[in-house]
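Examination of the molecular architecture
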Amino acid sequence: MPAYAILDLDVFDKEKLQDYKNVAPEIIKKFGGKIIVRGGSLDVVEGDWNPKRVVIIEFPSYEVANNWKNSEEYKKATILRKKGAHTKAIIINGV
């Protein structure tokens, strides 16, 4: 069953975030992940959620998604991401 990492990024330094964007896709790919949404237009249709930049990554399973999140490679990438954006993130099982 697939699982999804959903991130909401509030970018405050595009140049520093680029360092993260340069390394993150290969780490995601290493864990069988695929970016299915990255930024783009959005429309809040209900509630008071105010997402800034949404990224959705599909992984083969919940276990694999957590292995990605807990990997040393991604922990290093997270340090880079935090230099350019505040992030809210979840991992959720698909159906």
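Details of the structure are given in the entry above.
These notes cover the structure that comes with them. Each chain carries its own residue numbering, running from 1 in the written order of its sequence. With the structure being a predicted model, the display of local features is reserved for residues of pLDDT at least 70 and the display and counting of side-chain atom pairs for 80 or more, all residues being used for whole-chain, interface and lining totals. Only hydrogens and water are set aside when side-chain values are computed; all heavy atoms of the structure are taken into account.

Attention now moves to the pairing of strand β1 (residues 3-11). Only strands that DSSP links by at least two bridges are regarded as paired with each other. Elements are defined by DSSP. Helices are runs of H or I of four residues or more, strands are runs of E of two residues or more, and each kind is numbered from the N terminus. The pairing of β1 with strand β3 (residues 53-59) spans 7 bridges and is classified as antiparallel. Looking at the pairing, leucine 7 lines up with valine 55 of β3. In terms of strand pairing, β1 meets strand β4 (residues 85-93) through 9 bridges, oriented antiparallel. Considered in β4, the bridge of leucine 7 is made with alanine 89.

Right, let's get into the environment of asparagine 67. Checked against the element boundaries, asparagine 67 lands in helix α2 (residues 62-70). With 11 residues separating them in the primary sequence, asparagine 67 and threonine 78 have C-alpha atoms 14 Å apart.

Here the focus is the side chain of arginine 81. Residue placement: arginine 81 occurs in helix α3 (residues 72-82). Burial classes: relative accessible area under 20% of the type maximum marks a residue as buried, over 50% as exposed, and values in between as partly exposed (1.4 Å probe, protein chains only). Think of it this way: Lys and Arg go in the positive column, Asp and Glu in the negative one, and His and the chain ends go nowhere. By definition, a salt bridge exists where a carboxyl oxygen of Asp or Glu is found within 4 Å of a side-chain nitrogen of Lys or Arg. Of the side chains bearing the opposite charge, aspartate 8 lies closest to the buried arginine 81, which forms no salt bridge; the N-O distance is 11 Å. The residues touching arginine 81, leaving out its near neighbours within four places in the chain, are Leu7, Leu9, Leu17, Tyr20, Tyr74 and Thr87. Note on definitions: a residue-residue contact is assigned when non-hydrogen atoms from the two residues lie within 4.5 Å.

The next subject is empty space enclosed by the protein. Only protein atoms enter the 1 Å grid, on which a cavity is a set of points fitting a 1.4 Å probe that cannot get out and a pocket is an open set with protein on both sides within 12 Å along at least 5 of 7 lines, lining residues being those with an atom within 4 Å of a point. Grid points are joined across faces, edges and corners, and a volume is the space filled by probe spheres set on the points. On inspection of all chains with the given rule, the structure shows 1 cavity of 30 Å³ or more. Space inside the largest cavity adds up to approximately 150 Å³. For the largest cavity, the lining is made up of 13 residues, of which Tyr20, Lys21, Ile35, Arg38 and Val55 are closest to its centre. For the lining of the largest cavity, the secondary structure elements donating two or more residues are β1, α1 (14-30), β2 (34-38) and β3. With 6 residues, α1 is the largest single contributor of residues to the lining of the largest cavity.

Let us now look at the pattern of salt bridges. Tallying each qualifying case throughout the model produces 3 salt bridges. Note that glutamate 58 and lysine 34 form a salt bridge whose closest N and O atoms lie 4.0 Å from each other. Of this pair, glutamate 58 sits in strand β3 while lysine 34 sits in strand β2, and the two are 24 residues apart along the sequence. Accessibility expressed as a relative area gives 48% for lysine 34, which makes it partly exposed. Linking lysine 75 and glutamate 72 is a salt bridge whose minimum nitrogen-to-oxygen distance equals 3.9 Å. Of this pair, lysine 75 and glutamate 72 both sit in helix α3, 3 residues apart, roughly one helical turn.

What is shown is where atoms sit, not what they do.
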